[in-house]
Amino acid sequence: RSFATEESLDSTKAFEQVRQMMVENGHTDGEVTAFFEGLTIQQVKINSLRSQIRSHKKLKQISSKWQNLASKALNGRRPMPRARSASAVVLTEHSMQNEYSDHSQQTKEEFIDKVMVSCRVLSVQKLLKKASGTGNAEMEKLLKDLQEAEKKQKKLEKQLEQAGIVIAEDIPYAVAKSKVEEISKRMQEIGSSQVEHPDKEIQAALREEYFKLEQDMEKYSTALTLTDEYIAEQEKMERDWEDRIRKDNEEAMKKIRRHMPVDVKNRSEGALATETTPNGKVLPRVLAKRFKRTNVLQILRTNPNDLEKVHPSTLENLRVTGLTLTERRAIHLHLDGVAQKWKAQNKEKNAERKWTWFKTMRLNFKSVEGQYWRHIQQYGPPGNHPYATRQNPDVGCPLIGKQCPLKADANPSYDNDYGYTDDAEYEVSTVQKADVDDQGAKAKQEAMEFARAKASNARSDKLKKHYKGKVIEVAKANGSCENMDELMDNMEMKQTKWIETRLTDGDVPNSEGVKKFLIEFREAINEVKLAVLQFAGRSGMQISGKRDAKNDKADIRSSVEIGLCEEVCESSKDFFDGIEEHLKKMGKEDKRITLDIKLLTEMLNDLHDRNVATLKVMGIERPEPSRKWKTRAELTVEVQVKLGPSPEEIAALEAEEEEYYPPARPPNPFAGGGGGRGDLMSAIAGRGRGGPGRGDLMSAIAGRGR
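Definitions and cut-offs
- Residues numbered from 1 in each chain as written.
- Predicted model: local features only at pLDDT ≥ 70, side-chain atom pairs only at ≥ 80, totals over all residues.
- Heavy atoms only, no water.
- Helix = DSSP H or I, 4+ residues; strand = E, 2+ residues; numbered from the N terminus.
- Buried < 20%, exposed > 50% of the residue type's maximum accessible area, 1.4 Å probe, protein only.
- Contact = heavy atoms within 4.5 Å.
- Areas by Shrake-Rupley, 256 points an atom, 1.4 Å probe, with all protein chains shown as cover.
- Phe/Tyr/Trp six-rings, centres within 6.5 Å; stacked < 30°, edge-to-face > 60°.
- Lys NZ or Arg CZ within 6 Å of the ring centre and 35° of its normal.
- Disulfide = S-S within 2.5 Å.
- Axes fitted to C-alpha atoms, helices over the stretch in contact; angles between N-to-C directions.
- Parallel < 35°, antiparallel > 145°, perpendicular 65-115°, else oblique.
- Left-handed = near helix turned anticlockwise from the far one by under 90°.
- Nonpolar A, V, L, I, M, F, W, Y, C, P; charged D, E, K, R; others polar.
- Core = buried A, V, L, I, M, F, W, Y, C linked by side-chain atoms within 4.5 Å.
- Salt bridge = Lys/Arg side-chain N within 4 Å of Asp/Glu carboxyl O.
- pLDDT = per-residue confidence, 0-100.
- Expected span 1.5 Å × (residues − 1).

Per the secondary structure count, the protein chain includes 25 helices and 0 strands. A buried classification covers 34% of the 706 residues belonging to the protein chain. When contacts within the protein chain are restricted to residue pairs at least 6 apart in sequence, those whose partners lie at least 24 apart make up 72%. Surface accessibility of the protein chain: about 44,600 Å² in total, with carbon and sulfur atoms responsible for 52%.

Throughout the structure, instances matching the rule amount to 6 aromatic pairs. Geometrically, the ring pair formed by Trp498 and Phe521 is edge-to-face, given 4.7 Å between the ring centres and 85 degrees between the ring planes. With Trp498 in helix H18 (residues 471-505) and Phe521 in helix H19 (residues 511-538), this residue pair connects regions lying 23 residues apart in the sequence. Members of the aromatic cluster, connected to one another through ring pairs, are Trp498, Phe517, Phe521, Phe575 and Phe576. A cation over an aromatic ring shows up here: Arg244 above the ring of Trp373, its NZ or CZ 4.2 Å from the ring centre.

Looking now at the environment of Glu527. Mapped onto the elements, Glu527 comes out in helix H19. Classification of Glu527 by relative accessible area gives partly exposed; the value is 29%. The spacing of Glu527 and Leu487 is 40 residues in sequence and 8.3 Å in space, taken between C-alpha atoms.

Our next topic: the state of the cysteines. Within this structure, the stated rule accounts for 0 disulfides. You can see Cys404 has no disulfide; the closest cysteine sulfur is in Cys397, sitting 4.0 Å from it. Looking at Cys565, it has no disulfide partner, and the nearest cysteine sulfur is the one in Cys569, 4.5 Å off. Given a relative accessible area of 1%, Cys565 falls into the buried group.

With that settled, the discussion passes to the packing of helix H11 (residues 285-293) against H18. For the pair H11 and H18, interaxial distance at closest approach is 13 Å and the crossing angle is 130 degrees. Classified by the angle their axes make, H11 and H18 are oblique. Note that H11 runs across H18; the crossing there is right-handed. Contacts between H11 and H18 involve Arg285, Lys289 and Arg293 from the first element and Glu482, Asn483, Asp485, Glu486, Asp489, Asn490 and Met493 from the second. Looking at the contact of H11 with H18 residue by residue, the classes come out as 1 nonpolar, 2 polar and 7 charged.

What follows concerns the nonpolar core. Formed by 37 residues in total, the largest nonpolar core has its most connected members in Phe521, Phe575, Phe576, Ile579 and Ile593. At the level of elements, H18, H19, helix H20 (559-586) and helix H21 (591-618) are the ones that each hand at least two residues to this core. With 11 residues, H19 is the single largest residue contributor to this core. Aside from chain neighbours lying at most four places away, what touches Ile593 is Leu518, Phe521, Arg522, Ile525, Ile579 and Leu583. Counting residues in each nonpolar core, the second largest holds 32 residues, with Ile256, Val296, Leu307 and Ala330 among its members.

What follows covers unusual backbone geometry. Cis geometry marks the peptide bond from Asn411 to Pro412, where omega comes out at 5 degrees. Structurally, the position occupied by Pro412 is in the loop between helix H16 (405-409) and helix H17 (439-466).

On inspection of all chains with the given rule, the structure shows 34 salt bridges. Here Lys236 and Asp240 are joined by a salt bridge, their closest N and O atoms 3.1 Å apart. Here the residue Lys236 and the residue Asp240 both occupy positions in helix H9 (residues 228-257), the gap between them amounting to 4 residues, near one helical turn. Given the relative accessible area of 39%, Asp240 is considered partly exposed.

Overall, the predicted model of the protein chain reaches an average pLDDT of 75, with 67% of residues at or above 70. When pLDDT is averaged over each helix and strand of the protein chain, the minimum, 39, is found for helix H1 (residues 4-10) and the maximum, 92, for helix H14 (residues 325-344). Note that pLDDT drops below 50 for residues 59-67; the model gives that stretch 11 contacts with residues more than four away or on any other chain. Of the regions scoring below 50 in pLDDT, residues 114-119 engages in 12 contacts with residues more than four places distant in sequence or in other chains.

Inspection of the secondary structure assignment puts Asn611 in helix H21. Look at Asn611 and you get buried, because its relative accessible area is 0%. Once residues within four sequence positions are removed from consideration, Asn611 is found in contact with Arg557, Ile562, Cys565, Glu566 and Cys569.

Here we come to H20. Relative to the 40 Å expected for 28 residues at 1.5 Å per residue, H20 spans 41 Å between its end C-alpha atoms, a close match to the ideal helical length. Extensive coverage of H20 is indicated by the burial of 21 of its 28 residues. Following H20 by one or two positions, Gly587 has its phi on the positive side, about 70 degrees.

So this is what it looks like as structure tokens:
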């Protein structure tokens, strides 16, 4: 009695028939190889079980003979001979125990595995030897590929074991699913791996059981995820989820585009917050900041075909933290089509990186959307979402602030309309030669953008190094730096606005103008106060109760934050001086503003001392300024240049010019070179105008008419 599989494989004709049928059915050479490999492995397992059942009857007759043969086969001396019966292929557990009872380094299970592997290898070697004798090159190549595949499989299995990854077993879907549910239920009954019980023996037994349940859960869950039924079920769930959210995603896309200009990439944060929108409104500062800081939103105005071609690092460097559900909906819908192309091309390295980035975005979106969906199912959708009160604490949503998914999604809100198109209109991406007449301005703009990007990357690298890669601390530090940048931008913008108003309307406005100025001053001081309190708290300073330096905590900030904080202190003091200057020129006093400025100045001085002390402890000098903030004197000059001379100033200059330089006589109509080119006497009269260095008499004569 010999193996049925070996007898069929020995026949070249039968082998070719099976192979031909598989090729005709569309199977590749690799699939054919895998089929026969699996067939060989399965047959070895079956024969192993048969041999264990029948070994008890024939143990005495075959033990001495097969023990020696098995040992030689394992040592690689010579292949095992063809077995006469299926029970003689693998040694029984009893015979192995008798022979290897003295081998401490080799267990019975390891020996069984080695014998089974040896049988499989020997079967392939035997088939390969027979195929080489028949002259069938195709069959010989197939068997060699099978042999190489087995070697590669062994290496992969060994690598997975070293990495601690469990190799999934072939378990039916129904069995694996029921086992996962059963194990999950029992694990919930026990509680955790650190379960406690008054009886120490029961406690030890429960912990041991929980450990085994964890191993079984990993085994069955891994097998479950590899079944065809599970994969089909997950694909159906994904399709149903996409269909359910599509309408909301489309509405979210339209909402955001109504707030976002098509050329959002080319506009600065200040321009977005000050320029008038198509329907006559002004975009809120918070949205202008969000579009420029959380720059992943800008892809909503980028053609998906252009995104398909970008380098993966462009997507990976986009800021994606803090996105609301509405923003995630719009981004997911916008990228869904191009992401399928990345998925189809994921064998290519760059496409794989882009597909991985999209999967991460999609996974986070599903998590946020699932939390939102469950919350509205429990407490109601927007418009019908009551909140718990002190009178009725058990009725309505109990979450406060952004803990509630609805409030978190509404910060910022996209329910307004600012007149921008909500259609799929994108900025045209072209490669164009620079304007020759404006090369300097373009080069300056490009240099500034490059410098900002370089500074931002350098800042992130320094923060990661200082906080030793702690993601939360780095995120907090980045947020603090961005808030300081934003505060200085706001102070500069407000200073410019006030200076322009004063130069246009005069130093002493009417009562309504004074009232408006006072309101803006108070709001600006309150904004600075909140920001400075945050920066002081991050430095470890005591910010509640009576100030006492003994209650300060350790300052863990990096030199980057401290340097930027010093810039905030200096620009804030100049900002306060500007407010006091405006009040003085208006002839107005406000005790509340004066007191707030005094208290904030004291806090800024304490913060400055804190910065200097921390830098001294760190043993480093103050970093170079990250930006050039403008004083009110510099802003005044810029505004004056922008506005140009007033009509009164122009009239005064013309009068002065007329006094010192009387008008030239009309040109002689009979002389040549008319048309305002000037005659000899006009040229002589014009010499020396503008001060020294402008030419003498001969130069004036030579230059006439040019």
